[in-house]
Amino acid sequence: MQRRFLIFGASAAGKTSLCEEVTRREPKLDYISASSVLHRLREDHPSTYSVDQAEMQIHLCVEIARVCDNRLEADFLIDGHLYMSKSSAAVPKAALQLLRPTMLLRVHASPALISKRRLALGRPRSSFQECVEDIKNEEHAGEALSKALQVPLETISPPLASSVEDILQRQPPQI
């Protein structure tokens with residue numbers, strides 16, 4: 001049975017680096033960047049993806065699920081967010097249901113580290129307080145969606161790729 005691990009956390013927490021490291025070490029695991037898929041969808045269909053944030057997340061999840069459904073022999077790490085800071089809302093449960101995640105993995109990093117990374121990358125929302133807020137929002141969204149979707153939630157702190165590998169080796173706990 002295919003497993004889909006949704007990796008989430010504040011922007012610049014280390015999700016992408018962690019996903020890239022784990023997929024290098026685990027050849028049977030594929031990596032999907034939700035940001036990359038969304039960017040491609042916006043380029044390919046600009047009028048379709050000028051809709052509101054919630055509807056856009058549904059389109060995004062449909063596309064990611066399609067990619068996963070076309071490769072049933074692979075397990076997936078899906079790198080994304082559960083909170084949309086632009087609209088100050090969690091990603092809709094209906095969108096995430098379309099992904100059929102096996103487990104939610106929250107990547108945690110300190111606000112100071114996230115702020116430092118965001119400043120280096122020239123990203124918005126880089127003050128310490130904004131980072132604290134983003135971490136809390138992702139955490140609350142993850143807890144709520146874990147319960148709503150009845151999907152287990154684990155927290156990892158990079159650069160512990162081995163933590164993810166340990167999780168991948170065991171059966172997900174039942175909620």
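Quick summary incoming for the structure in this document.

In this section: the side chain of D134. Checked against the element boundaries, D134 lands in helix α6 (residues 128-149). What makes D134 buried here is its relative accessible area of 8%. The residues contacting D134, other than those within four sequence positions of it, are A10, S85, R118 and R125.

Our focus in this paragraph is the packing of helix α2 (residues 34-44) against helix α3 (residues 53-69). Axis separation between α2 and α3 bottoms out at 10 Å; the angle between their running directions is 105 degrees. Viewed along their axes, α2 and α3 adopt a mutual orientation that is roughly perpendicular. Along the contact surface, α2 presents A34, V37, L38, R40, L41 and R42, while α3 presents M56, H59, L60, E63 and I64. Looking at the contact of α2 with α3 residue by residue, the classes come out as 7 nonpolar, 1 polar and 3 charged.

Here we take up the pattern of salt bridges. A complete count under the given rule lists 11 salt bridges for this structure. Residue R3 pairs with D75 through a salt bridge whose shortest N-O separation is 3.1 Å. Here the residue R3 occupies a position in the segment before β1 (4-8), and D75 occupies one in strand β3 (residues 75-80), the gap between them amounting to 72 residues. Among the residues examined, D75 registers a relative accessible area of 16% and is labelled buried. Across the pair D134 and R118 runs a salt bridge whose closest N-O atoms are separated by 2.9 Å. Of this pair, D134 sits in helix α6 while R118 sits in helix α5 (residues 111-121), and the two are 16 residues apart along the sequence.

How each quantity is defined
Residues numbered from 1 in each chain as written. Predicted model: local features only at pLDDT ≥ 70, side-chain atom pairs only at ≥ 80, totals over all residues. Heavy atoms only, no water. Helix = DSSP H or I, 4+ residues; strand = E, 2+ residues; numbered from the N terminus. Buried < 20%, exposed > 50% of the residue type's maximum accessible area, 1.4 Å probe, protein only. Contact = heavy atoms within 4.5 Å. Axes fitted to C-alpha atoms, helices over the stretch in contact; angles between N-to-C directions. Parallel < 35°, antiparallel > 145°, perpendicular 65-115°, else oblique. Nonpolar A, V, L, I, M, F, W, Y, C, P; charged D, E, K, R; others polar. Salt bridge = Lys/Arg side-chain N within 4 Å of Asp/Glu carboxyl O.

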